[in-house]
Amino acid sequence: MSLRSSRSAKNRADMFSPETRRQSQSCDACRARKVRCARENPDDPKQSCKHCIALGIPCTYDYQPKKRGPPNLYLRRLQEAAAAQAAAQQQDGVNGTDKSPQSPSTTNQSATSPTQMTLSTAPQNGSVPNSFIDPALSSVPSMQPGSLPPSRYPIAADGFHAQYPPMPPMSSSSYNPRLPDSSRSPHREETQFGSPNEQFSTYPLYNWSYKQHQQLPIPPPTAIPPLSYYYRPHRLEDVAPRDTILLIIALFFDFVYPLTPCVHKPSFMADVHARREERDPLFFALVMSTVASTLVQVPRSYLPMERHAVRKLAQQCHEASRHITVASYDPPTSMHVVIRYFDCVYHFCEGHDATQHAAFGEAAHIAITLRMHEESSYEGLELIECEVRRRTFWLLFGADKSMSILLGRPICLRDEDTTCNFPRELDDEYITPSAYLPQPHGKTALVSGLNYISRIFALLGEILVRIRVDKRSPPQGQFLTARLEEVQALHSRICAALAHAPEPLRLKQAHPHSQIPAEYGGAGFRQATFAEVKDFFDNPNASRANALNPFLVMQANLYVTQQLVRFVIEQYRDELITSLQGSIDEQRVAEDREAVASELLNILHSIPIQSIATNGPSLVHKVRFVASTLLDAVRKAETAPASAARAHGYLWDFLSILSEIERNYLLDDDRDGNSSADGMPMVPS
């Protein structure tokens with residue numbers, strides 16, 4: 001025992017000896033690579049480790065461990081403020097000025113940020129200490145102080161809490177040139193801020209108690225208002241006449257809603273008629289985004305407005321929504337996701353590619369924050385809220401896969417991370433906050449189209465994940481054979497994806513798959529179809545029966561997307577066969593390509609052109625992706641049969657008709673191309 005005690009005492013003495021200095025356990029390179037640092041003599045700090053010698057790099061020990069815990073920002077701010085004050089005093093001494101020192105109150109008033117000045121009280125004789133950021137903001141025009149609750153560092157999320165009052169309407173808004181109606185009575189002003197009745201509302205209200213709010217002064221035009229300024233109630237009449245807004249909302253439910261059923265129609269319309277937007281700014285933003293996305297997706301003939309007026313109103317509505325939602329991310333709600341999804345659609349139709357992807361990224365990440373991809377997160381929610389979340393998530397899921405294949409972008413929402421069930425196949429009137437009512441027998445729910453297209457996109461996601469993984473690490477041997485079997489199974493599943501679709505969603509093909517009638521091409525067909533397209537977009541009195549049939553509209557989207565996914569799977573299957581066998585049967589490949597072209601052509605000819613046109617530019621992009629790739633394959637194949645060339649030629653002619661449809665959706669006259677009734681392609685061949 002005495003020997004062990006003497007050894008431990010010696011070790012403690014060596015540990016606290018002033019000559020003992022702790023060496024870093026790993027050199028900088030090994031620490032960065034997270035590998036064990038191997039030195040023959042650990043006590044020699046000048047000796048290089050074996051890894052650095054093998055890599056031929058210098059072996060250094062410059063790493064300094066950081067102090068645990070958060071940084072002392074308060075001390076850092078005091079030091080920065082003291083340094084700035086010392087520098088200012090030194091500069092005054094160098095200049096030799098003999099000005100009288102300013103009082104603390106005067107100094108604070110001359111160098112206060114607009115937000116801080118707005119939230120400060122009236123100037124008094126007492127002094128207020130300068131902020132450490134005041135010198136950097138001294139060039140910003142100051143604002144008149146008002147009598148408000150103090151808040152030194154306000155954030156955007158504070159704009160909708162009760163302790164932060166909203167600002168009154170300005171004489172002119174950044175997105176609304178119209179003046180507010182001055183004829184509104186004080187009684188109406190008082191009642192519209194009361195507690196709304198939310199028994200039939202899809203989306204709950206958060207932290208609204210306007211009766212106790214104070215009034216803020218209107219900032220001068222040169223000042224930048226805080227984000228919380230825009231998060232306040234609005235009227236639809238501030239943007240456009242209410243009848244016009246209601247007309248556009250009706251068009252949304254007639255033409256757009258079957259493809260994007262991400263709102264609950266009965267509760268949404270009940271909230272609109274109850275003027276909820278005058279109590280809930282976020283609901284106003286939802287209405288504005290709905291209107292903006294509808295204006296860029298419906299034919300111009302359906303609106304009694306000129307093209308430039310439609311585009312201007314769509315832009316105003318989008319900006320009105322954006323001003324509000326940018327200051328209201330916390331707490332996140334499903335309404336935020338729906339708004340951002342509509343914004344994504346708006347920017348897609350307007351050709352704002354980067355902004356479209358930014359809006360989609362916001363929608364996807366807010367959905368993930370709400371755990372909309374996990375079925376367990378739906379427990380305890382109202383049934384209407386559950387269905388809105390499920391529908392919105394699967395719309396985002398499909399848009400993610402569509403952008404991935406058409407634009408070559410990575411997948412954001414993976415199928416293996418998703419446990420969310422498909423939406424219930426019930427129409428909105430049979431979904432209440434507390435119960436699901438039975439769907440009438442023989443009546444197909446509109447949301448069934450979303451469920452089937454989501455299954456197709458799930459298969460697309462599976463093949464895209466395999467393609468990306470194999471591109472990084474190509475399979476070989478038995479792994480290559482196993483991968484080929486997986487792809488063959490996916491091919492069988494995509495071909496049978498719509499075999500059990502309900503009767504309204506089943507395609508009634510005009511001709512057998514193997515036959516391509518001569519009337520599918522030629523100048524007569526092109527001229528007649530172009531005349532139908534022109535009548536659909538330009539004639540307000542044209543028949544809308546086919547466009548108003550939601551199942552015909554969904555058929556075009558379902559069957560074209562199915563052929564797109566089938567084509568992608570067959571392409572990758574042929575690549576795997578080539579890798580496995582070293583060659584491939586060109587005759588069989590040509591027959592498969594001809595089958596895809598013929599099938600797609602039959603689909604497009606079996607659906608009325610008005611129903612196809614209602615799908616808008618997104619359907620055009622899918623057909624263009626398949627047609628352009630097929631045409632390249634025919635040009636490269638020297639032994640391609642004449643029937644394949646004819647099928648691809650007919651498909652390319654039909655694509656020119658779809659491009660004419662896409663052109664009619666453009667709201668910018670400068671980008672409006674010339675029609676091509678002679679059948680020449682409007683995209684580079």
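Below is a summary of the structure that appears in this document.

Scoring rules and cut-offs
Residues numbered from 1 in each chain as written. Predicted model: local features only at pLDDT ≥ 70, side-chain atom pairs only at ≥ 80, totals over all residues. Heavy atoms only, no water. Helix = DSSP H or I, 4+ residues; strand = E, 2+ residues; numbered from the N terminus. Buried < 20%, exposed > 50% of the residue type's maximum accessible area, 1.4 Å probe, protein only. Contact = heavy atoms within 4.5 Å. Areas by Shrake-Rupley, 256 points an atom, 1.4 Å probe, with all protein chains shown as cover. Phe/Tyr/Trp six-rings, centres within 6.5 Å; stacked < 30°, edge-to-face > 60°. Lys NZ or Arg CZ within 6 Å of the ring centre and 35° of its normal. Disulfide = S-S within 2.5 Å. Polar contact = N/O pair within 3.5 Å; in protein donor to acceptor, adjacent residues only side chain to side chain. Axes fitted to C-alpha atoms, helices over the stretch in contact; angles between N-to-C directions. Parallel < 35°, antiparallel > 145°, perpendicular 65-115°, else oblique. Left-handed = near helix turned anticlockwise from the far one by under 90°. Nonpolar A, V, L, I, M, F, W, Y, C, P; charged D, E, K, R; others polar. Salt bridge = Lys/Arg side-chain N within 4 Å of Asp/Glu carboxyl O. Expected span 1.5 Å × (residues − 1).

**Section: the overall build of the protein chain**
- Scanning the protein chain for helices and strands turns up 23 helices and zero strands.
- The 685 residues of the protein chain split such that 47% are buried.
- In the protein chain, once contacts between residues fewer than 6 apart in sequence are set aside, the share between residues at least 24 apart is 76%.
- In the form shown here, the protein chain has an accessible surface area of approximately 35,100 Å², with 53% of it arising from carbon and sulfur atoms.

**Some points on the packing of aromatic side chains**
- Under the counting rule described, the total for this entry stands at 14 aromatic pairs.
- Plain terms: the ring middles of F268 and F283 are 5.6 Å apart, the flat faces sit at 50° to each other, and that makes the pair tilted. Of this pair, F268 sits in helix α9 (residues 265-273) while F283 sits in helix α10 (residues 281-295); the two residues are 15 residues apart in sequence, bridging distant segments of the chain. The burial state of F268 is the same as that of F283; both residues are buried.
- Site record: aromatic cluster; members linked through ring pairs are F252, F253, Y257, F268, F283, Y341 and F342.
- Over the ring of F397 we find K401; its NZ or CZ atom is 3.5 Å from the centre of that ring.
- Across from the ring centre of Y302, 3.8 Å away, lies the NZ or CZ of R544, which sits over that ring.

**Here's the deal with the state of the cysteines**
- Evaluation of the coordinates by the stated rule reveals zero disulfides.
- As a non-bridged cysteine, C37 has C27 as the owner of its nearest cysteine sulfur, 3.9 Å distant.
- Relative accessible area serves as the criterion here: at 14%, C37 is assigned to the buried category.

**Quick notes on the side chain of E570**
- Tracing the backbone shows E570 in helix α19 (residues 550-581).
- Side chain to side chain, E570 and H491 meet in a polar contact 2.8 Å long.
- Apart from residues lying up to four places away in sequence, E570 is in contact with H491, D592, R593 and V596.

**Looking at the environment of A547**
- With respect to the element layout, A547 can be found in helix α18 (residues 545-548).
- On the basis of relative accessibility, which here comes to 1%, the residue A547 falls in the buried class.
- Spatially, the C-alpha atom of A547 lies 9.3 Å from that of N615, the residues being 68 residues apart in sequence.

**Things to note about α9**
- Among the residues making up α9, those that are buried are S267, F268, M269, D271 and V272.
- At the C-terminal side of α9, R275 shows a positive phi close to 55°.

**A few points about the side chain of K401**
- Along the polypeptide, K401 turns up in helix α14 (residues 383-407).
- The residues contacting K401, other than those within four sequence positions of it, are I411, L413, F457, L460, G461 and L464.

**Structural notes on the packing of helix α16 (residues 478-495) against α19**
- Running from N to C, α16 and α19 point in directions that differ by 160°, and their axes come no closer than 10 Å. Looking at the two axes, α16 sits roughly antiparallel to α19. Crossing angle aside, the handedness with which α16 passes α19 is left-handed. Residues L480, T481, R483, L484, V487, Q488, L490, H491, I494 and C495 of α16 touch α19, and the partners they reach there are Q562, V565, R566, I569, E570, Y572, R573, L576, I577, S579 and L580.
- Its residues placed into classes, the contact of α16 with α19 shows 12 nonpolar, five polar and four charged.

**Describing the pattern of salt bridges**
- Counted by the stated rule, this structure contains 34 salt bridges.
- Notably, a salt bridge pairs E362 with R322, separated by 3.3 Å at the nearest N-O pair. Of this pair, E362 sits in helix α13 (residues 353-369) while R322 is found in helix α11 (residues 307-325), placing the two residues 40 residues apart along the sequence.
- By relative accessible area, E362 is classed as partly exposed at 21%.

**A short note on unusual backbone geometry**
- The peptide bond linking D330 to P331 adopts the cis configuration, its omega dihedral lying at -5°.
- Note on placement: P331 falls in the loop between α11 and α12 (334-350).
- A positive phi is found at R275, a non-glycine position, where the angle reads about 55°.
- With respect to the element layout, R275 can be found in the loop between α9 and α10.

**Focus: helix α20 (residues 586-606)**
- The first and last C-alpha atoms of α20 sit 30 Å apart over 21 residues, in line with the 30 Å expected at 1.5 Å per residue.
- Burial runs high along α20: 16 of the 21 residues are buried.

**Things to note about the packing of α10 against α12**
- Where α10 meets α12, the axes come as close as 9 Å, and the angle between the chain directions of the two elements is 25°. Relative to α12, α10 is oriented roughly parallel. Seen from above, α10 lies across α12 with left-handed handedness. Packed against α10, whose contacting residues are L282, F283, A285, L286, S289, T290, A292 and S293, the element α12 presents M335, H336, V338, I339, F342, D343, V345 and Y346 at the interface.
- Taken together, the residues of the contact of α10 with α12 sort by class into 11 nonpolar, four polar and one charged.

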